[in-house]
Amino acid sequence: MNFPGGGAGGFPGAGGFPSAGGSGSSTTPPMPMPQGDPNVKMLQNLMESCYAKTVMSGGAGFALGGVFGMFMASMAYDTPYHSPQTGTPGQPAIPGIKPPVDISTLPLRKQLAHGFKDMGARSWSTAKNFGQVGALFSGIECGIEGLRAKNDLANGVAAGCLTGGILARNGGPQAAAIGCAGFAAFSAAIDAWMRMPKDED
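Residues numbered from 1 in each chain as written. Predicted model: local features only at pLDDT ≥ 70, side-chain atom pairs only at ≥ 80, totals over all residues. Heavy atoms only, no water.

> Can you walk me through the overall build of the protein in this structure?
Along its length, the protein carries five helices and zero strands. Overall, the protein shows an N-to-C arrangement of helices and strands of α-α-α-α-α. Classification of the 201 residues of the protein by burial places 22% in the buried group. When contacts within the protein are restricted to residue pairs at least 6 apart in sequence, long-range pairs at least 24 apart make up 50% of them. Surface summary for the protein: the accessible area is close to 14,700 Å², and the carbon and sulfur share equals 67%. (Helix = DSSP H or I, 4+ residues; strand = E, 2+ residues; numbered from the N terminus. Buried < 20%, exposed > 50% of the residue type's maximum accessible area, 1.4 Å probe, protein only. Contact = heavy atoms within 4.5 Å. Areas by Shrake-Rupley, 256 points an atom, 1.4 Å probe, with all protein chains shown as cover.)

Here you go:
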């Protein structure tokens, strides 16, 4: 006796689903994504826009910089360290001004509080710098690529030069030129390595 929705063995499928392993059982194919859906196209265009690339690169740089800054701050405590107070070690104390104090002489709670505060400040500073560099480079490179309508090594070199020059602009023309050359060389090296054909095993 066969029940509606039953498999070959006559056992009903739960909730109208075909029985597992039964001959003649059919599975419903997944719903395909509509090819001409305007929402999908709009999302793709948004993700490929220079604004989205700039924001994503800035966010990734910010996160990476935060982790890197935290790591470097933790490594800084392997060297002799003093709390940031005014005064000169070995000199007579100035009235009203505390001389520098070796952090190892502080109570453990104050050492931890001072260490976490310094770690957070360094991590935040490094994160902002990395985020600024990532967003600036990505935005400039995307703009150059759109103007040239090409995706080649020259885009990265030009974007690196402009990024380095902008970041070092406060140091004068010589610093801007050095920053331009340094960032351009670094961008060219990374881009060339990324474009190298990978060996397939």
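> Is there a simple way to explain the state of the cysteines in this structure?
For the structure shown, the criterion picks out two disulfides. Here C50 engages in a disulfide with C142; their sulfurs sit 2.0 Å apart. Judged by the sign of its S-S torsion, about -85 degrees, the bond between C50 and C142 is left-handed. Of this pair, C50 sits in helix α2 (residues 50-75) while C142 is found in helix α3 (residues 108-148), placing the two residues 92 residues apart along the sequence. C50 sits in the partly exposed class, given a relative accessible area of 30%. Relative accessible area serves as the criterion here: at 11%, C142 is assigned to the buried category. (Disulfide = S-S within 2.5 Å.)

> Is there a simple way to explain the packing of α2 against α3 in this structure?
The angle between the axes and the distance between the axes are what describe a pair of packed helices. Close contact between α2 and α3 brings their axes to 6 Å; oriented N to C, the two are set at 150 degrees. What the angle tells us is that α2 and α3 run roughly antiparallel. In terms of crossing hand, the pair formed by α2 and α3 is right-handed. Looking at side-chain class alone, the contact of α2 with α3 contains 13 nonpolar, 15 polar and three charged residues. (Axes fitted to C-alpha atoms, helices over the stretch in contact; angles between N-to-C directions. Parallel < 35°, antiparallel > 145°, perpendicular 65-115°, else oblique. Left-handed = near helix turned anticlockwise from the far one by under 90°. Nonpolar A, V, L, I, M, F, W, Y, C, P; charged D, E, K, R; others polar.)

> Just to check I follow, could you spell out the side chain of S123 for this structure?
Within the secondary structure layout, S123 lies in helix α3. Engagement of the side chain of S123 in a polar contact is seen with the backbone oxygen of G66, the distance being 2.7 Å. The contacts of S123, once residues within four sequence positions are left out, are G65, G66, G69 and M70. (Polar contact = N/O pair within 3.5 Å; in protein donor to acceptor, adjacent residues only side chain to side chain.)

> Please explain the packing of helix α4 (residues 153-167) against helix α5 (residues 173-195) as it appears in this structure.
For the pair α4 and α5, interaxial distance at closest approach is 7 Å and the crossing angle is 150 degrees. Judged by the inter-axis angle, α4 sits roughly antiparallel to α5. Regarding α4 and α5, the two cross each other, and that crossing is right-handed. Contacts between α4 and α5 involve L153, G156, V157, G160, C161, T163, G164, G165 and L167 on the former and, on the latter, A176, G179, C180, F183, A184, S187, A188, D191, A192 and R195.

> Hey, could you run me through the environment of N129 in this one?
Turning to its location among the elements, N129 is positioned in helix α3. Take N129: its relative accessible area is 41%, and that puts it in the partly exposed class. Linking N129 and G61, residues 68 residues apart in sequence, is a C-alpha distance of 8.3 Å.

> Teacher, can you tell me more about the pattern of salt bridges here?
Working definition: two side chains of opposite charge can pair if their charged atoms are close together. Under the defined criterion, the tally for this structure stands at two salt bridges. Between R122 and D118 there is a salt bridge, with its nearest N and O atoms 3.0 Å apart. Here D118 and R122 lie together in helix α3, a separation of four residues that amounts to about one turn. Relative accessible area serves as the criterion here: at 31%, R122 is assigned to the partly exposed category. Using a relative accessible area of 15% as the deciding quantity, one classes D118 as buried. Of the charged contacts in the structure, one is a salt bridge between D152 and R148, with a shortest N-O distance of 2.7 Å. (Salt bridge = Lys/Arg side-chain N within 4 Å of Asp/Glu carboxyl O.)

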